[in-house]
Amino acid sequence: MTSTAERAAHRRRFAQAGPISLRLGLLALVAIGIVGAVSELAFERHWRSPVQLIPWVALALLAVALVLLALSESPRAVTAVRVLAGVVLLASAYGVFMHVSVNHGMGATSAGWDTLSPLSQWWYALTKTVGTAPPLAPGMLAQSSLLLLLASLTTRKKSPVS
């Protein structure tokens, strides 16, 4: 049997490790997202035009922000991380828009496209019913950026627990 004091000490250690574990988990998820996105872009040979290089630059920015946040939590570093994550969020939104637009353009080659309402056309483009560009692929960048922003709200320091 464990004593009440031992249980309380265990709870205090767990409470102190919570923010650190959360931070490490979020940073690990960001790293996994970066590796997954890089792999997907490489498999798709996503470098054939200057526009296709945007996600590569965004991933490089995300990697720099990840390393910066992992090594420092100074106010300047945290601000830089948040700015970089915001830039990547914008790049992600642009990527979703571009993928949907490309799919919409491909729909024009489909028979009966002109008979569909504009809402239906855009829905088909968004859901990849027409076209081959995956609209949710750039969302991987947004997800990693948001996870990095959440990690920037945590701290590496142990919080005092009474």
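What counts, and at which threshold
- Residues numbered from 1 in each chain as written.
- Predicted model: local features only at pLDDT ≥ 70, side-chain atom pairs only at ≥ 80, totals over all residues.
- Heavy atoms only, no water.
- Helix = DSSP H or I, 4+ residues; strand = E, 2+ residues; numbered from the N terminus.
- Buried < 20%, exposed > 50% of the residue type's maximum accessible area, 1.4 Å probe, protein only.
- Contact = heavy atoms within 4.5 Å.
- Areas by Shrake-Rupley, 256 points an atom, 1.4 Å probe, with all protein chains shown as cover.
- Core = buried A, V, L, I, M, F, W, Y, C linked by side-chain atoms within 4.5 Å.
- Expected span 1.5 Å × (residues − 1).
- Arc of directions from axis to C-beta.
- Salt bridge = Lys/Arg side-chain N within 4 Å of Asp/Glu carboxyl O.

1. A word on the overall build of the protein
For step 1, the next point in the chain: Assigned secondary structure in the protein consists of five helices and zero strands.
For step 2, the next point in the chain: What you see in the protein, going N to C, is helices and strands ordered as α-α-α-α-α.
For step 3, the next point in the chain: Buried residues in the protein amount to 28% of all 162 residues.
For step 4, the next point in the chain: For the protein, long-range pairs separated by at least 24 residues make up 72% of all intrachain contacts whose partners lie at least 6 apart in sequence.
For step 5, the next point in the chain: A total accessible area of about 10100 Å² is found for the protein, and carbon and sulfur atoms account for 71% of it.

2. Some words on the nonpolar core
A general tendency of soluble globular proteins is for nonpolar side chains to be buried together.
For step 1, the next point in the chain: Within the largest apolar cluster, 21 residues are counted, with the highest numbers of intra-cluster contacts made by Leu27, Val30, Ile34, Leu59, Leu66, Leu69 and Leu148.
For step 2, the next point in the chain: Of all the secondary structure elements, the ones that give two or more residues to this core are α1 (4–43), α2 (54–71), α3 (75–107) and α5 (139–151).
For step 3, the next point in the chain: Here Leu66 is in contact with Leu27, Val30, Ala31, Ile34 and Leu148, once residues within four sequence places are set aside.

3. What about α2?
For step 1, the next point in the chain: Given a rise of 1.5 Å per residue, 18 residues ought to cover 26 Å, and the 26 Å separating the end C-alpha atoms of α2 matches this to within 8%.
For step 2, the next point in the chain: Looking only at α2, the buried set comprises Pro55, Ala58, Leu59, Leu62, Ala65, Leu66 and Leu69. Along α2, the residues classed as buried sweep out an arc of 120° about the axis, all on the same side. Among the exposed residues of α2, those oriented more than 90 degrees off its buried face are Val57 and Leu71.

4. Digging into the pattern of salt bridges
For step 1, the next point in the chain: In the structure shown here, the tally under the stated rule is one salt bridge.
For step 2, the next point in the chain: Ionic pairing is found between Arg23 and Glu73, a salt bridge with its closest N-O pair at 3.7 Å. One end of the pair, Arg23, is in helix α1; the other, Glu73, is in the loop between α2 and α3, with 50 residues separating them in the sequence.
For step 3, the next point in the chain: Judged by relative accessible area, which is 3%, Arg23 ranks as buried.
For step 4, the next point in the chain: Taking the relative accessible area as the measure of exposure, Glu73 reaches 22% and is therefore partly exposed.

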